[in-house]
Amino acid sequence: RPPPPPPPPPPSPRLRPPQIETAPFAFVLNESRAWVEQHVPYFHSSDEDLNTAYWYRWRVFHLHLARAPKSQRTPGCDPKGCHVITEFLKKVPWSGPANTIVCPAGHHFAEARWVKDGRYAGDYARFWLRGAGWRKQYTFWPAHSVWRHSLLVDARPGAAGSLAHELLPALEANYRDWVRTHYHTGARCMFQSCHADGQENSATLDGCRPTINAVMFAEATAIAAAAAAAGNATLSAHFEEEAARWRGVVLERLWSEDLSFFTTLAQPPPKSLHDEIKWYRRKDSPTKGNSQSVQTYFGCLACPRGRACPPERGWPVGKLVPVRELSALASPWYFGAVPAAPAGRSRKFATAWAQLHDAKGFASPWGPRTTERRSQCYNFSNAAQCNWNGPVWPFEVSKAATALAELLQTHPPQPHAGIAAWEALMLTYARAHTRARAEGRAPPHVDEDLHPDDGYWITRRKLHGVRPWAGAGGLGASHGRDWLAKRGDHYFHSSFTDLVLGGVAGLRAGAEFVEVRPLTTLRHWAVTGARVKGFALDVVWDADGSRYGLGAGLHVWADHAHLLSTPPVTVDAGTPSGGVRGRAADMRAVPARVRVGRRASGGGATGQRAVVCSAAMPPEEAPSGGGRW
């Protein structure tokens, strides 16, 4: 084992973070430039596609900011109406108030937590939990989102005055409402249709899906943490028990030993959900007869008859579906349902990640496919506008990248995916923004679903009636062209900047600190002006010191004061944890891990809490997560 790195030199008042300019990206930011410059962390790196996509995605965020009607007064919101975030720029028939759709709301929250003005995330959460938003139309994870927001921005997560503390009763009520309608008492798990999971024509169809059951684990875990922070030990203990229940469902009921993968347990909808739909069809319901606010349809939409896979009559009830889907890889780790300990069990479930870079699994030139390539169900239906049986969907790519980051940053070593795999996934995702083809749009651009082999946006091409999709427009189609042909313009259905800041720069929030643990071997990158734990954080990495003139290594500032500079650490980028052993060809210089947070100084009750940086650590040492220093 190599000797530990030398101690870092003392802080220097002469060192200053670099000035990152937005001028090179003026063509990307356009009308959003002034807002972006004022509200978000600045980022720069050695990869130009990543840089361009980062700034473009903040423009997408800004374009989708909207207001709920002033008449819909929601407690705690801006008097002019709640700030909300839309999925489509163009009004679509299936959207709710203010053109909102809850399906991508979890991704919206992931991006919004980095915005310096907390009103956007706060209003958006209040709109869904207290306002008129259709929060049960699609799978939704508000407690998980609000708690992650609190971990990042609050010095004391969940304390009085925080968004998590304010919304705790509403989060609990939302959780209980989902259990009331979607819990399948016979199967003892949560039911969801593939469409209400946001995944039309999914190969595994409806049932107890890994997505919704992993979501329930994350919701219960977040509510337990928020209740503990609020001093409600009884409520916290109850939701810890609830979390254990959902973890058991995911790990014991939805894991297929034959596939070495999580998958759907085929089930029909529970009676409680049918009763809910009937209620919403009544004219005296909250949506005056509009049942699509809770559910649109079950089963397959526009699926061909006579198909072999999935069976026309559906998968056998009570059986695990023998198909691997990307959503079932991403969700258990994205929502933390797979435990990091014991190590042997963690490694067992991590075997599923071998499918990410398997050509017969999910691997493709433009990102991971939504269904494994080897399956008979792959690409079984293309008649509908949207299909989740093969194409690359940024919605699920961003979940997979977040999930893999969770595996690499919090779990013990495993041989199936490492830093190199995460970096390849992220850079491919960036290039989907900057190099994919979209009718009527020059890159950078993000749309709905991407052809995994040919690199064009499929639904957009269908809506434009372009070969080979002429006449396949679907909803509203006329003469092979859809009146919503431009609905995918700057589509906001996924996260990206959260992955740059949380994965490339590795800013991971715990209860008392922010850890810097990057998942990339880029030669240099810099983040300036990130608001975390109540202070401004700047982090700069330069492998050899030639780019920013600060010397080789990692440099950290808080509230413009230099805290630490530490030299690079050499790791094996081919192994999952970034361990220090491996082939010479895989050895790369990466930053050491550091932690930044507040500690009491001056003593006594009146002592100040100064921002300090912990000693540098090799990447494979010291556990990640939300624990103490």
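Residues numbered from 1 in each chain as written. Predicted model: local features only at pLDDT ≥ 70, side-chain atom pairs only at ≥ 80, totals over all residues. Heavy atoms only, no water.

A. How the structure looks around the side chain of S193. By secondary structure assignment, the location of S193 is in the loop between β5 (189–190) and β6 (207–208). Looking at S193, the relative accessible area reads 0%, which means it is buried. Residues contacting S193, with those up to four places away along its chain left out, are D206, R209, Q295, Y297 and F298. (Helix = DSSP H or I, 4+ residues; strand = E, 2+ residues; numbered from the N terminus. Buried < 20%, exposed > 50% of the residue type's maximum accessible area, 1.4 Å probe, protein only. Contact = heavy atoms within 4.5 Å.)

B. Main features of the pattern of salt bridges. Per the counting criterion, the structure on display carries 37 salt bridges. Close ionic contact of R245 with E242 constitutes a salt bridge, the shortest N to O distance being 2.8 Å. Of the two residues, R245 and E242 are both situated in helix α9 (residues 233–253); the distance of three residues between them amounts to about one turn of the helix. Among the residues examined, R245 registers a relative accessible area of 31% and is labelled partly exposed. Relative accessible area serves as the criterion here: at 12%, E242 is assigned to the buried category. Taking the shortest distance from any N to any O, the salt bridge between E439 and R461 comes out at 3.0 Å. (Salt bridge = Lys/Arg side-chain N within 4 Å of Asp/Glu carboxyl O.)

C. Examining the state of the cysteines more closely. Evaluation of the coordinates by the stated rule reveals four disulfides. Here C189 engages in a disulfide with C208; their sulfurs sit 2.1 Å apart. Taking the sign of the S-S torsion, about 70 degrees here, the bridge from C189 to C208 comes out right-handed. Here the residue C189 occupies a position in strand β5, and C208 occupies one in strand β6, the gap between them amounting to 19 residues. A relative accessible area of 0% places C189 in the buried class. The closest cysteine sulfur to the non-disulfide-bonded C194 is located on C300, 6.5 Å from its own sulfur. The exposure class of C194 is buried, given its relative accessible area of 0%. (Disulfide = S-S within 2.5 Å.)

D. Representation of the pairing of strand β13 (residues 513–516) within the structure. Taking every second residue as pointing to the same face, both faces of β13 are buried, with F513 and E515 on one and V514 and V516 on the other. The pairing of strand β12 (residues 507–509) with β13 spans three bridges and is classified as antiparallel. Each bridged residue has a counterpart across the sheet, and for A509 the counterpart in β13 is V514. Hairpin connection of β12 to β13: three residues between the antiparallel strands. (Pairing = 2+ DSSP bridges.)

E. Representation of the environment of D559 within the structure. Locating D559 in the fold gives a position in the loop between β16 (553–558) and β17 (561–566). In this structure, the C-alpha to C-alpha distance between D559 and A536, residues 23 residues apart in sequence, is 4.8 Å. Contact partners of D559, with chain neighbours within four places excluded, come to R531, F535, A536 and R598.

F. Region of interest: the packing of aromatic side chains. A full pass over the atoms with the stated rule returns 30 aromatic pairs. Look at Y175 and F239: their rings are 5.0 Å apart centre to centre, the planes differ by 75 degrees, and that puts the pair in the edge-to-face class. Of this pair, Y175 sits in helix α7 (residues 163–182) while F239 sits in helix α9, and the two are 64 residues apart along the sequence. For the pair formed by Y175 and F239, the shared burial category is buried. Linked through ring pairs, F25, W35, Y42, F43, Y54, W55, W58, F61, Y120 and F492 together constitute an aromatic cluster. Positioned above the aromatic ring of W178, the side-chain terminus of K136 is 5.8 Å from the ring centre. Looking at R245, its charged tip hangs above the ring of W246, at a distance of 4.4 Å from the centre. (Phe/Tyr/Trp six-rings, centres within 6.5 Å; stacked < 30°, edge-to-face > 60°. Lys NZ or Arg CZ within 6 Å of the ring centre and 35° of its normal.)

G. Main features of the sheet that holds strand β14 (residues 524–532). In space, the five strands of this open sheet follow the order β1-β14-β15-β16-β17, with antiparallel pairing throughout. Sheet topology places β1 (42–45) and β17 at the edges, where each strand pairs with a single neighbour. Averaged over all neighbouring strand pairs, the angle between strand axes comes to 15 degrees, with direction disregarded. For β14 and strand β15 (residues 535–542), the ladder comprises seven bridges, and the chain directions are antiparallel. Following the sheet pairing, V527 is matched in β15 by V539. (Axes fitted to C-alpha atoms, helices over the stretch in contact; angles between N-to-C directions.)

H. How the structure looks around the nonpolar core. Formed by 169 residues in total, the largest nonpolar core has its most connected members in L50, W55, W246, W333, W422 and L507. For this core, the element with the highest residue contribution is helix α8 (residues 210–229), accounting for 12 residues. Non-local contacts of W55, meaning those with residues more than four positions away in its chain, are made with I20, T22, F25, V28, L29, V36, V40, P41, Y42 and F43. Of all hydrophobic cores here, the second largest spans 10 residues; its members include A203, L205, A266 and W315. (Core = buried A, V, L, I, M, F, W, Y, C linked by side-chain atoms within 4.5 Å.)

I. Local environment of unusual backbone geometry. Between C309 and P310 the backbone carries a cis peptide bond, its omega angle lying at -5 degrees. You can see P310 is positioned in the loop between α10 (271–280) and α11 (326–334). P443 connects to P444 through a cis peptide bond whose omega is 5 degrees. Within the fold, P444 resides in the loop between α14 (419–435) and α15 (458–463). In the Ramachandran plot, N30 falls in the positive-phi region, its phi being about 50 degrees despite a non-glycine side chain. Note on placement: N30 falls in the loop between α1 (26–29) and α2 (33–39).

J. Broad picture of the side chain of D78. Counting through the fold element by element, D78 comes out in the loop between β2 (65–67) and β3 (83–85). Reaching out from D78, the side chain makes a polar contact with the backbone nitrogen of K80 at a distance of 2.8 Å. (Polar contact = N/O pair within 3.5 Å; in protein donor to acceptor, adjacent residues only side chain to side chain.)

K. Fine view of helix α5 (residues 119–130). In this model α5 runs 15 Å from its N-terminal to its C-terminal C-alpha over 12 residues, within 8% of the 16 Å that 1.5 Å per residue would give. Of all 12 residues in α5, 10 are buried, a share of seventy percent or more. The complete set of buried residues in α5 reads Y120, A121, G122, D123, Y124, A125, R126, F127, W128 and L129. Residues of α5 that are buried in the fold lie against α2, β2, β3, α4 (105–112), α6 (142–153) and α7. (Expected span 1.5 Å × (residues − 1).)

L. Quick peek at the pairing of β17. Burial within β17 is extensive, with five of its six residues counted as buried. The pairing of β16 with β17 spans five bridges and is classified as antiparallel. The residue bridging L554 from the neighbouring strand is T566, located in β17. From the end of β16 to the start of β17, which pair antiparallel, there are two residues, and D559 there has a positive phi angle of about 50 degrees.

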